[in-house]
Amino acid sequence: MNLAYFSENSILPLVITPTEGESKKETLVQWIADNKASVESKLTDSGAILFRGFQINTPQDFEDVAKAIDADLKDDYMGTSPRDKKSEYAFSASELPAHYPIMQHCEMSFLPSAPRRLFFYCHVEPEYGGETPICDFRKVYQDLDPKIRAEFEKKGVKHIRNYSSPNEAARSGFQLKKWTDLFHTTDKKVIEEKCKENDIICEWKANDGLRMTNKNAGIKEHPITGEKVWFNHTQVFHISAAADEYYRIHKRQRRWETFKTSMFLELMTWYKKLTKNPNEQSMHVTFGDDSEIPDDYVEHIQEVIWKHMVIQAWKKGDIICIDNFSTSHGRLPYYGPREIMVCWTS
Ligand SMILES: [Fe+2]
């Protein structure tokens, strides 16, 4: 196998490609099994490993490679993206519309049970855009303004999510899915139990909607290296985050579509701030003491994230394995066909 990096300035991600005769999935699975300790330590150092040029053609092939790296795959999901099942453990990465921004995040950073590892697989190469950028959140932690970082370390964060009522006829694109679709049950007792397991406070609202809030440290130490990692969803959930993100997306893609969405999000953010209190927003994040995180803090965080973000175009058959405790992922808008799948561990 060939091991290399895209650039001499960055070890994210490590790129593994086959030498002649090594491109079969079975060969890759065997190679991973034979080099397990080395693969794991390289994953910890780099934050992500991209396997490119192998014969990976089906969700099952993907699952087999993911299992070779980490057999502890899971199929439960408490996040915010709509997902479809493709094999026992492979799911569509996100069914969110193509123009939606998915900001950088460590998967489910707001839960005590955030997955240790994530795997993404490119089944259908995007026609335009649709990259899954990744970012070393250890570097983000180090590079933040020390004053802002200290405030997060002192106060922690509170993540707020408001899920729609199952009785609601129509939802706008800015509302989260119905809580019955998130939990796949109508039994409120089951949901309350699940929330308790995950340190989530759940409140049933007068309109039968569900508010879930949870307080987190915001910074996490990597379980193996002890390095500090930016580990929260401020840049995803904060009310001003989507408009800030789209401003940067438009600067990169410069399409009429991205211009329109950018303008629309600016207006929507202004409208939402005016009409709903922070607790009622579909998603929002405040400091742990309930005080608001200033908009310019969010802008600064996104600026640091974009500085360290690695954006590579997908190639059919690519599999990327991500250390979710150090490295974030997101999605850039796209058009045309695109099919990316995901697996995750406990
Ligand atoms: Fe994600």
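As the structure is a computational prediction, the values presented were derived from the model and not from experiment.

Let us look at the packing of aromatic side chains. Going through the model one piece at a time under the given rule, you end up with 11 aromatic pairs. With a centroid separation of 5.7 Å and 20° between ring planes, the pair formed by W256 and F259 is classed as stacked. Remark: F259 and W256 occur in helix α10 (residues 256-275); sequence separation between them is three residues, near one turn of the helix. Overall, F259 belongs to the partly exposed group, its relative accessible area being 35%.

Domains assigned within the protein are domain 1 (2-96 + 116-125 + 313-345) and domain 2 (139-304). When each unit is reduced to the centre of its C-alpha atoms, the spacing between domain 1 and domain 2 is 26 Å. Each partner contributes to the interface: domain 1 provides 16 residues, whereas domain 2 provides 23 residues. When the two sides are added together, the surface that domain 1 and domain 2 hide from each other amounts to roughly 1500 Å², 64% of it contributed by carbon and sulfur. At the boundary of domain 1 with domain 2, the tally comes to zero salt bridges. At the junction of domain 1 with domain 2, the criterion picks out two residue pairs in polar contact (both at pLDDT 80 or more). Within the side of domain 1 that touches domain 2, the residues separate by chemical class into eight nonpolar, six polar and two charged.

A few words on the environment of T234. Relative to the helices and strands, T234 resides in helix α8 (residues 234-237). As a C-alpha pair, T234 and H105 span 129 residues in sequence and 9.0 Å in three-dimensional space. Beyond its immediate sequence surroundings of up to four residues, T234 is in contact with F152, V157, H159, A241, V285, I293, V298 and I301.

The next point concerns the environment of R149. Checked against the element boundaries, R149 lands in helix α5 (residues 146-155). Classification of R149 as buried rests on a relative accessible area of 17%. It is 9.1 Å that separates the C-alpha atoms of R149 and I219, two residues lying 70 residues apart in sequence. Residues within four places of R149 in sequence aside, it is in contact with Y141, Q142, D143 and L144.

As a further point, take the nonpolar core. When a protein is soluble and globular, its nonpolar side chains tend to lie buried together. In terms of nonpolar packing, the biggest core is built from 49 residues, with F137, V140, F152, L210, M212 and W230 touching the most fellow members. Top contributing element to this core by residue count: helix α11 (residues 295-308), with six residues. Residue contacts for V140: discarding those within four places in its chain leaves C135, W230, V304 and I305. Of all hydrophobic cores here, the second largest spans 26 residues; its members include M1, I32, Y89 and C321.

Right, let's talk about a nonpolar patch on the surface for a bit. Side chains of L267, W270, Y271 and L274 sit close together on the surface and give an oily, nonpolar patch of about 510 Å² of accessible area. With respect to the element layout, W270 can be found in helix α10.

Read across the sheet, four strands follow the order β6-β19-β9-β17 without closing on themselves; strand pairing throughout is antiparallel. Two strands lie at the open edges of the sheet, namely β6 (102-105) and β17 (309-310), each paired on one side alone. Of the pairings in the sheet, the one linking strand β9 (residues 134-136) to β17 comprises two bridges and is antiparallel in character. What sits directly across from I134, in β17, is V310.

Basis of the calculations
Here the residue index of a chain counts from 1 through its sequence in written order. Whole-chain, interface and lining totals are the exception, using all residues; otherwise, since this is a predicted model, local features are given only for residues with pLDDT of at least 70 and side-chain atom pairs are given and counted only at 80 or more. Side-chain calculation: all heavy atoms of the structure are included, whereas hydrogens and water are not. In summary, the pairing rule links any two rings of Phe, Tyr or Trp, Trp by its six-membered ring, whose centres are within 6.5 Å, and it sorts them by plane angle into stacked for under 30 degrees, edge-to-face for over 60 and tilted for everything else. Runs of E in the DSSP output that reach at least two residues are strands. Runs of H or I that reach at least four are helices, and both are numbered from the N terminus. Burial classification: accessible surface area is computed with a 1.4 Å probe over protein chains only, and a residue below 20% of its type maximum counts as buried, one above 50% as exposed, and the rest as partly exposed. Residue ranges assigned to each domain were obtained from an automatic or database domain assignment. Whether two residues are in contact is decided by their heavy atoms, any of which lying within 4.5 Å being enough. Reported buried area values correspond to the accessible surface (1.4 Å probe) lost by two parts on association, with both partners' losses combined. A pair is scored as a salt bridge if a Lys or Arg side-chain nitrogen falls within 4 Å of a carboxyl oxygen belonging to Asp or Glu. The term polar contact refers here to a pair of N or O atoms within 3.5 Å; inside protein, the definition further demands a hydrogen-donor-capable atom paired with an acceptor-capable atom, and it admits residues adjacent in sequence only when both atoms are side-chain atoms. Throughout, the ten residues Ala, Val, Leu, Ile, Met, Phe, Trp, Tyr, Cys and Pro are labelled nonpolar, Asp, Glu, Lys and Arg are labelled charged, and all others, Gly among them, are labelled polar. We define the nonpolar core as a collection of buried residues of types Ala, Val, Leu, Ile, Met, Phe, Trp, Tyr and Cys that are connected through side-chain atoms lying within 4.5 Å of one another. Residues enter a patch when their relative accessible area is above 30% and they make no salt bridge; the linking distance is 9 Å between like charges and 5 Å between nonpolar side chains (Val, Leu, Ile, Met, Phe, Trp, Tyr). Using the Shrake-Rupley algorithm and a 1.4 Å probe, accessible areas are obtained, with residue cover drawn only from the displayed protein chains. Strands are treated as partners if at least two bridges between them are detected by DSSP.

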